[in-house]
Amino acid sequence: MFRGYIFQQIDDHPSAIKNFLQAGTIGHKFDNPTLMQWIYSNTGDLYFKQRSFEECMPYYRKCYQLATANHDTLRISYAALRMGRLFTIVSNVDSTICYFQKALEMGRKAPTAIDIVPVSQSLLCDIYIQTEQFDKAAAIMPHDEMNDENWAYWHDGQQHTDSAAYYYRKMLGKYGPYADTQYLLRLAQLSEQQGNQRQALAYYHQYAAAEDSLKNYTQAEETRLAHAQYNVNSITQERDAMIRKNRMVTTALIIVLTIFALMTLIFVLTARYKKKKKQEELAHKILLQKEEEDKLRKSPTQIETNRQQIEELNKQLADAQNKYDEVQAQQIKLDTDVLQTENNHINALQRQQTALEEDFKRSQLYLNIIHHAGMSDFRLTKEEWALLAERIDVAYDHFTSRLLNLASLREDELQICYLVKIGIETSQIANMLCKTYNAVYMSRKRLYKKITREKESATAFDDFIRNF
């Protein structure tokens, strides 16, 4: 086991696994449950760290069964915590909750398991919040630093915007670049909900910087792993050179293990890449869906939906009044007022949007572009491009920041988006940007795929931008 730890520290996972499995084989010769629990838990931990969850499961399960059979509350709590974390990864919610509850229960009974209780409590609250069981989470969740993230998501789920933002800000810089990107993105979205567009834009800038930092961190980590593997290979080669004459069998075994280690490394890196890609695709899909939902909430379709609900509520109100049910009647009136207020708000937004659009189209810059766009020598200065971006953002609800939230775009790509947005034809865009017609056409196709992750289409790009 100790030799396995050494190999684990230098990232030689194949040799670590070999020694752990050998320890398990020897350990079976002794009738010592505590020894076997120790071997099972550490072997499972190594598989878990390598994300080999199918191989990890039997060892964790054996560890839990041994502890239960011996009524060892301390080791039951630790084993249950491991099982809960494993089922969290494989998305088995019921089993996750069951094992975290067991870890918490046994941890409270075992006087020496002081560290188990807060960890189990925090993880259980996290699952409750993810499954929107907010009351259960609040009932057991303490106000301490370990649960700051849980409280952030709890308040977020309860629509407590200010409290959620407080906790997200409190956690910035604590849990690394990946966590910071999540917190900054949510802070930006909460600021938008509060109508603080300047603060939201500042958070989006910080979010973009955090994304860059995360990429650098990921590259550094991959370099570290490659360097560690290189060191393992160098040590192995030196050892082989010293004993090659007398221990040819050992040399052959080391070569096989080295190949296995490289294959394992490639497999792990490939799995990480695929997982990251899948997470990015999911996050992008959620952003697009949010855009559609925001557009729907401000559209005549939403007004009509609310109007139909108001009509239904009026019928229910009449029925409640006939039954002299004052409580229900009062509640229905409140619900009706909420829907009517929402419709009034949407109408006001539409009027404001129309006014801003008309004001933009009366501007000297817009008229100048529309009038001269077809001329071969017509170009915009750097200051005019900046002014055009500013006027479009005012007229179309922060067009630039919302677009950059979906994809990272170059300056020339943004310029194409601006010109398409205000209705400039492809040939005119080509003249203004000193490009060929085909170059602009291909850029529009690529931009559609880049922004929406769907099949390339220039026409679909134009429709998307004009409606965005």
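Right above here is the structure, for reference.
If you're wondering where the values come from, they're calculated on a predicted model, not measured in any experiment.

Draft legend 1. Just the environment of Tyr153, in detail. Within the secondary structure layout, Tyr153 lies in helix α9 (residues 148-157). By relative accessible area, which is 32% here, Tyr153 ends up partly exposed. Linking Tyr153 and Ala165, residues twelve residues apart in sequence, is a C-alpha distance of 9.7 Å. Residues contacting Tyr153, with those up to four places away along its chain left out, are Ile129, Phe134, Tyr168 and Tyr183.

Draft legend 2. Molecular detail of the packing of aromatic side chains. Counted under the stated rule, the structure contains 19 aromatic pairs. Pairing Tyr448 with Phe464 gives two aromatic rings, centres 6.4 Å apart and planes at 75 degrees, and the pair type is edge-to-face. Taken as a pair, Tyr448 in helix α21 (residues 437-452) and Phe464 in helix α22 (residues 458-466) lie far apart in primary sequence, 16 residues in all. Comparing Tyr448 with Phe464 shows no difference in burial state: the two are buried. Across from the ring centre of Tyr59, 5.7 Å away, lies the NZ or CZ of Lys62, which sits over that ring.

Draft legend 3. Structural detail: the pattern of salt bridges. By the definition in use, this model includes 17 salt bridges. Of the charged contacts, one joins Arg410 and Glu413 as a salt bridge, the two residues approaching to 3.2 Å between their closest N and O atoms. For Glu413, a relative accessible area of 9% corresponds to the buried category. Taken together, the shared-partner salt bridges connect Arg410, Asp412, Glu413, Lys435 and Lys450 into one network.

Basis of the calculations
Residues numbered from 1 in each chain as written. Predicted model: local features only at pLDDT ≥ 70, side-chain atom pairs only at ≥ 80, totals over all residues. Heavy atoms only, no water. Helix = DSSP H or I, 4+ residues; strand = E, 2+ residues; numbered from the N terminus. Buried < 20%, exposed > 50% of the residue type's maximum accessible area, 1.4 Å probe, protein only. Contact = heavy atoms within 4.5 Å. Phe/Tyr/Trp six-rings, centres within 6.5 Å; stacked < 30°, edge-to-face > 60°. Lys NZ or Arg CZ within 6 Å of the ring centre and 35° of its normal. Salt bridge = Lys/Arg side-chain N within 4 Å of Asp/Glu carboxyl O.

The values are spatial; any link to function lies outside them.
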